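Here is how the chains run, residue by residue.
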Amino acid sequence: MRIAVDAMGGDNAPDAVIEGVTKGIQAFKDLEITLVGDKQTIESKLTSTERLTILHADEVIEATDEPVRAVRRKKNSSMVLMAKEVAEKRADACISAGNTGALMTAGLFIVGRIDGIDRPALAPTLPTINAEGFLLLDVGANVDAKPEHLLQYAMMGSVYAERVMTIKKPRVGLLNVGTEDKKGNELTKGAFTLLKESDLHFIGNVESRDMLGGVADVIVTDGFTGNVALKTVEGTALSLFQMLKSSLTSSVSAKLAAAVLKPKLLEMRKKMDYSEYGGAGLFGLKAPVIKAHGSSNSDAVYHAIRQAREMVSQNVTSFITEGISKKDN
């Protein structure tokens with residue numbers, strides 16, 4: 001199995017990417033990796049080249065670049081060449097922590113869309129209180145959606161939850177403003193009907209306040225709503241830890257209490273850490289494409305590699321393709 005990785009994408013590239021790739025190579029003996037980026041820079045930071053190949057790229061798509069224009073004009077960029085490795089079957093999957101819009105563009109126009117999937121969906125795994133996390137899709141690949149798109153998201157998410165998260169009969173929820181069947185706008189009402197008539201384990205509408213409580217294994221929504229929900233969760237988690245830190249360092253007695261609570265606080269922080277769950281999969285493409293968080297450290301890159309490897313080994317793309325084909329027939 002070979003995974004192509006954009007060595008130049010992300011706030012902490014290339015150091016964090018190379019460190020994460022090194023961890024992945026050490027952990028998974030069946031894995032080979034193609035690092036795409038400036039060859040001289042990459043070579044100067046590598047301590048070993050075991051099962052590693054470097055593909056030189058003399059351009060980088062920056063976070064500020066306009067996505068479609070950048071993919072079209074920067075044909076020798078690390079992200080574009082990475083996507084071509086997958087499209088031309090030299091790699092089984094690819095990962096980048098770079099420009100999200102550019103990665104979605106490269107995924108759509110270079111890797112290609114599965115026949116029968118109208119629009120790909122960007123889907124991260126988010127933590128829950130008592131379980132292993134849930135999949136939220138879409139979080140921004142498409143800000144507008146139709147009911148049939150949400151049905152496709154649900155099907156793709158269910159395949160991933162079953163194959164990679166090893167959840168039997170994943171529970172699918174529809175993000176809405178209330179749990180009653182008739183709640184919502186035209187999009188959610190239409191999606192509710194399609195999901196209820198499907199073969200999926202649809203549990204009905206779910207509210208955003210219940211997401212982290214483990215109400216569902218897969219939650220579907222349009223990209224605009226999903227992106228707002230995702231950033232609200234991320235912002236709340238960051239603010240909560242900042243408030244805890246401020247409170248637990250406000251006095252001598254608070255500091256003593258913090259010393260006692262430190263192991264549990266670190267445990268909670270790890271559980272809420274996005275890097276433990278890998279990246280956001282761009283579902284609906286002909287091969288796994290993983291968007292790692294822009295601020296990914298080496299652990300986050302490692303977990304994105306683990307996630308991509310699991311998607312390839314569990315044939316997630318093939319099962320999605322098969323499911324869509326059966327639905328269309």
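Refer to the structure presented above.
Here is a short report on the structure shown in this document. (Residues numbered from 1 in each chain as written. Predicted model: local features only at pLDDT ≥ 70, side-chain atom pairs only at ≥ 80, totals over all residues. Heavy atoms only, no water.)

1. Points about the sheet that holds strand S9 (residues 201-206)
Here comes step 1: Sheet architecture is open: five strands sit in the order S6-S7-S10-S8-S9, paired in mixed fashion. Across the chains shown, the open sheet's two edge strands, defined by having one partner strand only, are strand S6 (125-126) and S9.
Here comes step 2: Bridge count for strand S7 (residues 134-137) against strand S10 (residues 218-220) is three bridges, and the pairing is parallel. Within S10, the residue paired with Leu-136 across the bridge is Ile-219. (Pairing = 2+ DSSP bridges. Helix = DSSP H or I, 4+ residues; strand = E, 2+ residues; numbered from the N terminus.)

2. Points about the packing of helix H6 (residues 147-163) against helix H7 (residues 186-197)
Here comes step 1: Running from amino to carboxyl end, H6 crosses H7 at an angle of 50°, the nearest separation of the two axes being 8 Å. When the interaxial angle is binned, H6 and H7 end up oblique. Like other packed secondary-structure pairs, H6 and H7 cross with a definite hand, here right-handed. For the pair H6 and H7, contact is made by Pro-147, Glu-148, Leu-150, Leu-151 and Ala-154 and by Leu-187, Gly-190, Ala-191, Leu-194 and Leu-195, respectively. (Axes fitted to C-alpha atoms, helices over the stretch in contact; angles between N-to-C directions. Parallel < 35°, antiparallel > 145°, perpendicular 65-115°, else oblique. Left-handed = near helix turned anticlockwise from the far one by under 90°. Contact = heavy atoms within 4.5 Å.)

3. Examining the pattern of salt bridges
Side-chain pairs of opposite charge can arise whenever the charged atoms involved come near each other.
Here comes step 1: Per the counting criterion, the structure on display carries twelve salt bridges.
Here comes step 2: A salt bridge links Glu-50 to Arg-51, with the shortest nitrogen-to-oxygen separation between them at 3.8 Å.
Here comes step 3: A salt bridge links Asp-217 to Arg-171; its shortest N-O distance comes to 3.0 Å. With Asp-217 in the loop between S9 and S10 and Arg-171 in strand S8 (residues 171-175), this residue pair connects regions lying 46 residues apart in the sequence.
Here comes step 4: On the accessibility criterion, Asp-217 (9% relative accessible area) is buried.
Here comes step 5: Look at the salt bridges and you will find they share partners, linking Glu-85, Glu-88 and Arg-90 into a network. (Salt bridge = Lys/Arg side-chain N within 4 Å of Asp/Glu carboxyl O. Buried < 20%, exposed > 50% of the residue type's maximum accessible area, 1.4 Å probe, protein only.)

4. Observations concerning the pairing of strand S11 (residues 280-283)
Here comes step 1: On S11, burial covers both faces: Ala-280 and Leu-282 on one face and Gly-281 and Phe-283 on the other are all buried.
Here comes step 2: Direction of pairing for strand S5 (residues 121-123) relative to S11: antiparallel, over a ladder of three bridges. Directly across from Leu-122, in S11, lies its bridge partner Leu-282.
Here comes step 3: Bridge analysis of S11 against strand S12 (residues 289-291) gives two bridges, and the strand direction is antiparallel. Looking at S12, one finds that Gly-281 is bridged to Ile-290.
Here comes step 4: Connecting the antiparallel pair S11 and S12 is a turn made up of five residues, with Gly-284 showing a positive phi of about 105°.

5. Let's talk about the nonpolar core
Here comes step 1: Formed by 59 residues in total, the largest nonpolar core has its most connected members in Val-21, Ile-33, Leu-35 and Leu-137.
Here comes step 2: No other element matches H6, which puts nine residues into this core.
Here comes step 3: Residue assignment places this core across two domains, with domain 1 (1-117 + 284-328) and domain 2 (121-276) each supplying three or more.
Here comes step 4: Setting aside its immediate chain neighbours within four residues, Ile-33 contacts Arg-2, Ile-3, Val-5, Val-21, Ile-25, Arg-51, Leu-52, Thr-53 and Ile-305.
Here comes step 5: Judged by nonpolar contacts, the second largest core, of 37 residues, contains Val-86, Ala-91, Leu-126 and Ala-287. (Core = buried A, V, L, I, M, F, W, Y, C linked by side-chain atoms within 4.5 Å. Domains from an automatic or database assignment.)

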